[in-house]
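Chain and residue survey
For reference, the chains in residue letters:
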Amino acid sequence: VLVTGGAGFLGSHLCRCLLEQGHEVMCLDNYFTSQRSNIADMMGHPRFEVIRHDVTEPFYCECDYIFNMACPASPVHYQFNPIKTTKVSVLGALNMLGLAKRVKARILQASTSEIYGDPEVSPQREDYWGHVNTIGVRSCYDEGKRVSETLCFDYLRMNNVDIRLARIFNTYGPGMHPYDGRVVTNFIMQALHGEDITIYGDGSQTRSFSFVDDTVDALMRFMDQEETVGPMNIGNPNEFTVKELAEMVIELTGSKSKIIYLPLPGDDPKQRRPDISRAKKYLDWEPKTQLREGLQKTIAYFRQLDLRTFSKPTPHTAHKNTESERNVYRLSQL
């Protein structure tokens, strides 16, 4: 089994799960937003191999299954170098689909809830085409992933490649990088250090948070079933406002942090909630871990981290691209 982005948050959990099931695992990663310590516990395993490689370059190996998970997934990382982000999504999918075609492997493409953009319907079903800005600060990720979906289905139509297309919604849990810029990480890190918790906008925007074990379980089931190629929403349909999340993190950490409000970054979606009827039907799956329980496990993980062993993958902030966007809008006269 080949796992691209295998040293990342989701990828490393997937590698562990595959090893537990007895598979031989090739973990491919360029360590842009991950680091080797994420997979240190697997390094000595006889069925585990690590390859440092960038998926934008072709890769050749023999394998039966490919999980294409490689891509910066947090806004602060994927906006740091937006052209590279689009390349990873598009060229990465192209290279992995080409490999799957050559060696007749089954390939699961990790797509995202971001392909729905700022949705006008809720919950989002797989047949919803989305409401996406093609020229905004998040477009590199949203559109890159949309093209990767297109490529999957064209490889299926033209070459009968055995695809599985998963649309993954917000996932959190132990193994997250402390500086990944995701909302759960930000809030927990701020609460543990007694800093003000920063909410973008008024905190009324909603998110659905799926615990990593649930997401990985769904991905494994999806890869193993024969009934549908997808697309398939994978996420937790329980919706929380960002403000509710912040309050729960303060309560569970026992922190004295106060909540402060900052402007909303560009194209930040107001609502995220998956319709998981297809996952229930085809995978016999629904998330088991409730937010409170998952947050307790995640907070315990962050408490024991030695932050000296982590560096910020990029110097980027949530608002950097939105601020520079004013010049672009002046030039485009929109």
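Report on the accompanying structure. The written sequence of each chain sets the order in which its residues are numbered from 1. At least 70 in pLDDT is required for a residue's local features to be given in this predicted model, at least 80 for side-chain atom pairs to be given and counted, and no such filter applies to totals for whole chains, interfaces and linings, which use all residues. Remark: hydrogens and water are excluded; side-chain values derive from all non-hydrogen atoms of the structure.

Strands here mean DSSP runs of E at least two residues long; helices mean DSSP runs of H or I at least four residues long; both are numbered from the N terminus. Helix and strand counts for the protein come out as ten helices and 13 strands. This radius of gyration counts C-alpha atoms alone. The globule rule is 2.2 Å times how many residues there are, raised to the power 0.38. For 334 residues, the compact-globule formula gives about 20 Å, and the C-alpha radius of gyration of the protein, at 19 Å, lands near that figure. Its C-alpha atoms give the protein principal-axis dimensions of roughly 55 × 50 × 40 Å. Nonlocal contacts in the protein, meaning residues at least 24 apart in sequence, comprise 81% of its contacts between residues at least 6 apart. Accessible surface is estimated by sampling points in the Shrake-Rupley manner with a 1.4 Å probe; for residues, cover comes only from the protein chains shown. Accessible surface, the protein as shown: approximately 15,000 Å² in total, 50% of it carbon and sulfur. Charged side chains in the protein number 38 positive and 42 negative. The centres of these two groups are separated by 2 Å. Any two residues whose heavy atoms approach within 4.5 Å at even a single point are treated as in contact. Only four residue types enter the tally: Lys and Arg on the positive side, Asp and Glu on the negative side; His and the chain ends are excluded. Taken as the charge location is NZ of Lys, CZ of Arg, CG of Asp or CD of Glu.

A separate point is helix α3 (residues 82–103). If you check α3, its first and last C-alpha atoms are 31 Å apart, about what 22 residues at 1.5 Å a residue would give, namely 32 Å. Backbone geometry just after α3 places K104 at a positive phi near 60°. What a helix is expected to span follows from its residue count: subtract one and scale by 1.5 Å.

With that out of the way, let us pick up the environment of Y60. By secondary structure assignment, the location of Y60 is in the loop between β3 (48–52) and β4 (65–68). The spatial distance from the C-alpha of Y60 to the C-alpha of R102 is 9.4 Å, given a sequence separation of 42 residues. Those residues in contact with Y60 that sit more than four places away from it in its chain are L99 and R102.

A few words on the packing of aromatic side chains. Only Phe, Tyr and Trp rings are paired, with Trp represented by its six-membered ring, and only when their centres lie within 6.5 Å; those with planes under 30 degrees apart are stacked, over 60 edge-to-face, the remainder tilted. Tallied over the entire structure, the rule returns seven aromatic pairs. Judged by centre distance (6.4 Å) and plane angle (85°), the rings of Y172 and F209 are edge-to-face. Taken together, the residues Y172 in strand β7 (residues 171–172) and F209 in the loop between β9 (206–208) and β10 (210–211) connect sequence positions 37 residues apart. The pair formed by Y172 and F209 is uniform in burial state, with each residue classed as buried. Put simply, the rings of Y116, Y128 and F169 pair up and form one aromatic cluster. Whether a residue is buried, partly exposed or exposed follows from its accessible area with a 1.4 Å probe, protein chains only, as a fraction of its type maximum: under 20%, in between, or over 50%, in that order.

Mapped onto the elements of the fold, H131 is located in the loop between β5 (106–112) and α4 (139–159). Residue H131 is classed as partly exposed on the basis of its relative accessible area of 38%. For the pair H131 and E120, spaced eleven residues apart in sequence, the C-alpha to C-alpha distance is 6.9 Å. Once you skip the residues sitting within four places of it in the chain, H131 turns out to touch Y116, G117, D118, P119 and E120.

Further remarks concern helix α1 (residues 9–20). The first and last C-alpha atoms of α1 sit 17 Å apart over twelve residues, in line with the 16 Å expected at 1.5 Å per residue. Burial runs high along α1: nine of the twelve residues are buried. Taken together, the buried positions of α1 are occupied by F9, L10, G11, S12, H13, L14, C15, L18 and L19. One or two steps after α1, the chain reaches G22, where phi turns positive at roughly 95°.

A few words on the pattern of salt bridges. Basic side-chain nitrogens of Lys or Arg form a salt bridge, by our definition, when they fall within 4 Å of a carboxyl oxygen of Asp or Glu. Summed over the entire model, instances satisfying the criterion amount to 20 salt bridges. Across the pair D162 and R164 runs a salt bridge whose closest N-O atoms are separated by 3.0 Å. A relative accessible area of 30% means that D162 is categorised as partly exposed. One salt bridge in this structure joins D217 and R221, with 3.1 Å as the shortest N-O distance. Of this pair, D217 and R221 are both found in helix α6 (residues 212–224), four residues apart, which corresponds to roughly one turn of the helix.

So, about the nonpolar core. The definition of a nonpolar core used throughout is a set of buried Ala, Val, Leu, Ile, Met, Phe, Trp, Tyr and Cys residues joined through side-chain atoms within 4.5 Å. By size, the foremost hydrophobic cluster in this structure holds 58 residues, and its most contacted members are V3, L14, F67, M69 and L295. At seven residues, α6 tops the list of elements feeding residues into this core. Excluding residues within four positions of it along the chain, L295 makes contact with Y172, V184, I188, L245, M248, V249 and L252. V88, M96, C152 and F153 belong to the second-largest nonpolar core, a separate cluster that totals 31 residues.

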